[in-house]
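One letter stands for each residue in the lines below.
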Amino acid sequence: MTDIIINENQSIVTFNNVPASYENSFICGVLEQTANANINIDMIAQSPATSDKISFGFTFADDDMPKLLTIINAFDGGKSLAPLVNCGNVKITVKSRDMIENSGFAAKLFGVLKKIDCLPLLVTTGIDEISVLVHESDRMDLERELTDVF
């Protein structure tokens, strides 16, 4: 059995050119401050380090945007690591126990994204799920196609 789970009103924030070092307290600081502000972070992504810089981002509820912006501004005024912020998105999760033992789920999901010309903002995976963050405008087509495929 495959479940398709929809979470609306999702925001994403992405920081580029973050120093790839634990000596840098930026990532830990942002995550600690979001926890202190009771902001529930959902999807987290970090690019592989190809130099001394990485990209780092996460999703959270649109309603928490004012709190997040306050936190970001507290870190060096948001000048050197100015974030890219996008709100009003939808997280769609395809979840199946079959993903644990079978291959092809990612290929099917990306095939659907290609078919409807939907470029995801973020993709994360777990042992039995794949989640994609997409623009609200892609939601209906993506949900319909995923339901047909899965």
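Along each chain, residues carry numbers from 1 onward, in the same order as the chain's sequence is written. Given that the model is predicted, a residue must reach a pLDDT of at least 70 before its local features are reported, and side-chain atom pairs must reach 80 or more before they are shown or counted; all residues, however, enter totals for whole chains, interfaces and linings. In computing side-chain values, all of the structure's heavy atoms are included and hydrogens and water are not.

Some details on the overall build of the protein chain
Here comes step 1: Only DSSP runs of H or I reaching four residues or more are called helices, and only runs of E reaching two or more are called strands; each is numbered from the N terminus. Counting its secondary structure elements, the protein chain contains five helices and six strands.
Here comes step 2: Sequence-ordered secondary structure for the protein chain, helices as α and strands as β, is β-α-β-β-α-β-α-α-β-β-α.
Here comes step 3: Along the three orthogonal principal directions, the C-alpha set of the protein chain runs to about 50 × 30 × 25 Å.
Here comes step 4: Counting every position in the protein chain, which comprises 150 residues, the buried fraction comes to 37%.
Here comes step 5: Every residue pair with non-hydrogen atoms within 4.5 Å of one another is taken to be in contact. When contacts within the protein chain are restricted to residue pairs at least 6 apart in sequence, those whose partners lie at least 24 apart make up 76%.
Here comes step 6: In the structure as shown, the protein chain presents an accessible area of about 8600 Å², 50% of it carried by carbon and sulfur atoms. Burial classification: accessible surface area is computed with a 1.4 Å probe over protein chains only, and a residue below 20% of its type maximum counts as buried, one above 50% as exposed, and the rest as partly exposed. To be clear on the numbers: accessible area is Shrake-Rupley with a 1.4 Å probe, and residue cover counts the displayed protein chains and nothing else.

A closer look at the nonpolar core
Here comes step 1: Buried Ala, Val, Leu, Ile, Met, Phe, Trp, Tyr and Cys residues that are joined via side-chain atoms within 4.5 Å together make up what is termed a nonpolar core. Val13, Phe15, Val18, Phe26, Phe58, Phe60 and Leu68 are the most contacted members of the largest nonpolar core, which has 17 residues in total.
Here comes step 2: Elements supplying a minimum of two residues to this core: strand E1 (2-19), helix H1 (26-36), strand E3 (53-61) and helix H2 (65-74).
Here comes step 3: Apart from residues no more than four positions distant in its own chain, Phe60 is found in contact with Asn9, Gln10, Ser11, Ile12, Val13, Ile39, Asn40, Met65 and Leu68.
Here comes step 4: If you look at the next biggest cluster of nonpolar residues, it comprises 15 residues, including Ile92, Val94, Leu109 and Val134.

Description of H2
Here comes step 1: Within H2 the residues assigned to the buried category are Met65, Leu68, Ile71 and Ile72. When H2 is viewed along its axis, its buried side chains cluster within an angular range of 120 degrees and face the same direction. Exposed and facing more than 90 degrees away from the buried side of H2 are Pro66, Thr70 and Ala74. Within this analysis, the arc is defined by the directions that extend from the helix axis to the C-beta atoms.

Considerations on the sheet that holds strand E5 (residues 122-126)
Here comes step 1: DSSP bridges decide pairing: two strands pair if at least two such bridges lie between them. In spatial order, the strands read E2-E3-E1-E4-E6-E5; together these six strands make up an open sheet with antiparallel pairing. Since the sheet does not close on itself, it has two edges, and those belong to strand E2 (44-46) and E5, each with one partner. Adjacent strand axes in the sheet meet at a mean angle of 30 degrees, parallel and antiparallel pairs treated alike.
Here comes step 2: Note: E1 against E3, eight bridges, orientation antiparallel. Following the sheet pairing, Ser11 is matched in E3 by Phe60.
Here comes step 3: Each of E1, strand E4 (84-96) and strand E6 (129-135) is contacted by helix H5 (residues 139-149), which is oriented at about 10 degrees to E4, the strand it contacts most. In this analysis, axes come from line fits to C-alpha atoms, helices being fitted only over the stretch in contact, and the angle between any two N-to-C directions falls in the range 0 to 180 degrees.

A short note on helix H4 (residues 105-115)
Here comes step 1: For H4, the complete set of buried residues consists of Phe105, Leu109, Val112 and Leu113. Taken end-on, H4 shows its buried residues confined to a sector of 100 degrees, consistent with a single buried face. In H4, the exposed residues that point more than 90 degrees away from the buried face are Ala107, Lys114 and Lys115.
Here comes step 2: Looking at the packing, one finds that the buried side of H4 touches E1, E4, helix H3 (98-101), E6 and H5.
Here comes step 3: Positive backbone phi, at 55 degrees, marks Asp117, one or two positions downstream of H4.

Brief notes about the side chain of Gln10
Here comes step 1: With respect to the element layout, Gln10 can be found in strand E1.
Here comes step 2: Residue classification places Gln10 among the buried residues on the basis of a relative accessible area of 10%.
Here comes step 3: Throughout this description, a polar contact denotes any pair of N or O atoms lying within 3.5 Å of each other; where both atoms belong to protein, one of them has to be capable of donating a hydrogen while the other can accept it, and for residues adjacent in sequence the pair is counted only when both atoms sit in side chains. A polar side-chain atom of Gln10 sits 3.1 Å from the main-chain carbonyl oxygen of Glu8.
Here comes step 4: In this structure, Gln10 is in contact with Asp42, Thr59, Phe60, Ala61, Asp62, Asn86, Cys87, Gly88, Asn89, Lys91 and Leu133, ignoring residues within four places of it in sequence.

A look at the packing of H4 against H5
Here comes step 1: Relative orientation of the contacting elements H4 and H5 amounts to 140 degrees, with a least axis distance of 10 Å. The angle between the axes of H4 and H5 places the two elements in the oblique class. Where H4 crosses over H5, the handedness of that crossing is right-handed. In contact with Lys108, Leu109, Val112, Leu113 and Lys115 of H4, H5 contributes Leu142, Glu145, Leu146 and Val149.
Here comes step 2: The residue makeup of the contact of H4 with H5, split by class, is six nonpolar, no polar and three charged. Under this scheme an angle from 65 to 115 degrees is roughly perpendicular, one under 35 degrees roughly parallel, and one over 145 degrees roughly antiparallel; angles in between are oblique. Crossings are classed by handedness, with left-handed meaning an anticlockwise turn of the near helix from the far one by less than a right angle and right-handed meaning a clockwise turn. Nonpolar residues are Ala, Val, Leu, Ile, Met, Phe, Trp, Tyr, Cys and Pro. Charged residues are Asp, Glu, Lys and Arg, and all others, Gly as well, are polar.

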